[in-house]
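Coordinate analysis (summary)
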Amino acid sequence: MEELLERLLEGCRPAARQGRVADYIPELAKGDSEALGIYIMSSEGKRSWAGDCRKAFTIQSIVKPILLLQALLDNGAEYVMSRVGVEATGKPFDAINAGEQSLDSGNINPMVNMGAIVMCSLIHGRDYDERFQRLLELTQRMAGEEEIGVDEAVYQSEKSHGSKNRALAYLLKSHGLLEDDVEAVLDCYFRACSIRVDCRALAHIGAVLSNRGRLPVSNERIFPAAMAQYVNAILMTCGMYDGSGEFALRVGVPAKSGVGGGIMAVVPTRMGIGIFGPALDRKGNSVAGIQLLEQLSKELHLSIF
Ligand code: GLN
């Protein structure tokens, strides 16, 4: 397996040149565009890796499925569905959902920013510090790493360059879709995006989703199987934003990308995969990372279709 991963990874490295590191948040622009790494965690606990798989980066949008899980655990599926819908948006992650679609909960998807901001407000806790702490603890448990924390520099950068997210949050508030104080909710969202991970952590998180809510190796249950099904279904249709259709064709498994260059892929019942490749395509997805997953999917017959 290691040999296969090394070979595929080296073949995919040049693809990074077709992409660019995200620079709409200054701190993200410091990312290494040449980096590429992969880590696989099988449901039985077998690990394989290649490349820059222990380099740290921020989780960014890959926190959205974890936000969704925490919201589901705290409120149940029925309530969550009444606040954020499940239909694909076919739009970029930061799209302002207004105009051709009415702004109501059914048109807000949890895998794009508007939905993620609403989900921060659904997490239970006395204040937003406690809510974020609970989200961080779920992330640490799923990743199998207690030391996971926030990248302070990225958090500050997100916060001071967050005008678009502020616009989205105020739009939600003005439509009665967000009850709490906008700045408090956004602070939780910015911190959530700035959680520091590596490919190993993403593979571990993906393995819990592929294992229907149980930790690999120990088999300890973290959330009900029905919640894994809920999250994986949404990842399949919306996890790669407006690139989800093409990703379904090329790779064929539920996955979530982030502008930090990460991709977490879930191969139901088989494995979780963590990818790091910060050079992004125009939709904000890792160029070399998608190519690597496409080739791996062909070699190991991973597509669920
Ligand atoms: N921090 C990012 C934002 O909200 C997360 C988006 C992403 O990874 N696509 O702007």
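Residues numbered from 1 in each chain as written. Predicted model: local features only at pLDDT ≥ 70, side-chain atom pairs only at ≥ 80, totals over all residues. Heavy atoms only, no water.

Ranked by internal contacts, the top residues of the largest apolar core, which has 73 residues, are Leu 68, Ile 117, Met 142, Ile 195, Leu 209 and Phe 223. Residues Leu 8, Ala 50, Leu 292 and Leu 302 belong to the second largest nonpolar core, which totals 30 residues. (Core = buried A, V, L, I, M, F, W, Y, C linked by side-chain atoms within 4.5 Å. Buried < 20%, exposed > 50% of the residue type's maximum accessible area, 1.4 Å probe, protein only.)

Another aspect to go through is the pairing of strand 6 (residues 262-267). Here strand 6 lies mainly inside the structure; six of its six residues are buried. By the alternation rule, side chains of strand 6 split into Gly 262, Met 264 and Val 266 and Ile 263, Ala 265 and Val 267, which are all buried. Sheet topology places strand 5 (residues 255-257) next to strand 6; three bridges connect them, and they run antiparallel. Within the sheet, the bridge partner assigned to Lys 256 lies in strand 6 and is Met 264. Where strand 5 folds back onto strand 6 in an antiparallel hairpin, the turn is made up of four residues, including Gly 261, whose phi is positive at roughly 105°. Where strand 6 meets strand 7 (residues 271-276), six bridges bridge the pair, whose relative direction is antiparallel. Pairing of Val 267 across the sheet is with Met 271, part of strand 7. In this antiparallel pair of consecutive strands, strand 6 and strand 7, the connection spans three residues, and Thr 269 shows a positive phi of 65°. (Helix = DSSP H or I, 4+ residues; strand = E, 2+ residues; numbered from the N terminus. Pairing = 2+ DSSP bridges.)

Turning our eyes to something else, we now look at the site of the ligand. Neighbouring the ligand are Tyr 24, Gln 60, Ser 61, Phe 93, Asn 113, Glu 158, Asn 165, Tyr 189, Cys 193, Tyr 241, Gly 258 and Val 259. Within the complex, 99% of the 300 Å² of free accessible area of the ligand lies under protein. For the shell around the ligand, a count of residues per class yields six nonpolar, five polar and one charged. (Near = heavy atom within 4 Å. Areas by Shrake-Rupley, 256 points an atom, 1.4 Å probe, with all protein chains shown as cover. Nonpolar A, V, L, I, M, F, W, Y, C, P; charged D, E, K, R; others polar.)

Another aspect to go through is helix 8 (residues 182-193). Its twelve residues place the ends of helix 8 16 Å apart at the C-alpha level, agreeing with the 16 Å of an ideal helix rising 1.5 Å per residue. With ten of its twelve residues buried, helix 8 lies for the most part within the structure. Contacts from the buried residues of helix 8 go to strand 3 (57-58), helix 2 (64-75), helix 4 (113-122), helix 5 (128-143), helix 6 (152-160) and helix 7 (163-174). (Expected span 1.5 Å × (residues − 1). Contact = heavy atoms within 4.5 Å.)

Read across the sheet, five strands follow the order 2-1-7-6-5 without closing on themselves; strand pairing throughout is antiparallel. The open sheet has two edge strands, strand 2 (47-51) and strand 5, and neither has a second partner. If you compare each strand with its neighbour and ignore which way they point, the axes differ by 10° on average. Its contacts with the sheet put helix 12 (residues 287-300) on strand 1 (37-42), strand 6 and strand 7, and the angle it makes with strand 7 is roughly 150°. (Axes fitted to C-alpha atoms, helices over the stretch in contact; angles between N-to-C directions.)

Here we take up the packing of helix 4 against helix 8. Axes are the key here: two packed helices are described by the angle between their axes and the distance separating the axes. The contact between helix 4 and helix 8 brings their axes to 9 Å, and the two run at 110°. One element, helix 4, and the other, helix 8, form an angle in the roughly perpendicular class. Of the residues in helix 8, those in contact with Asn 113, Ala 116, Ile 117, Cys 120 and Ser 121 of helix 4 are Val 185, Leu 186, Cys 188 and Tyr 189. Residues of the contact of helix 4 with helix 8, tallied by class, amount to seven nonpolar, two polar and no charged. (Parallel < 35°, antiparallel > 145°, perpendicular 65-115°, else oblique.)

Let us look at the side chain of Ser 257. With respect to the secondary-structure elements, Ser 257 resides in strand 5. Polar contacts involving the side chain of Ser 257 include one to the side chain of Asn 285, which spans 2.5 Å. Residue contacts for Ser 257: discarding those within four places in its chain leaves Ser 61, Ile 62, Gly 239, Met 240, Tyr 241, Gly 262, Ile 263, Gly 284 and Asn 285. (Polar contact = N/O pair within 3.5 Å; in protein donor to acceptor, adjacent residues only side chain to side chain.)

Moving on to the pattern of salt bridges. Applying the stated rule across the entire model yields 24 salt bridges. For Asp 52, the salt bridge goes to Lys 55, with nearest N and O atoms at 4.0 Å. Owing to a relative accessible area of 21%, Asp 52 belongs among the partly exposed residues under this scheme. Judged by relative accessible area, Lys 55 falls into the partly exposed class, the value being 35%. The salt bridge involving Arg 54 is made with Asp 198; its shortest N-O contact spans 2.7 Å. In this pair, Arg 54 is assigned in the loop between strand 2 and strand 3 and Asp 198 in the loop between strand 4 (196-197) and helix 9 (199-210), connecting sequence segments 144 residues apart. Arg 54 gets classed as exposed once you look at its relative accessible area, which sits at 52%. (Salt bridge = Lys/Arg side-chain N within 4 Å of Asp/Glu carboxyl O.)

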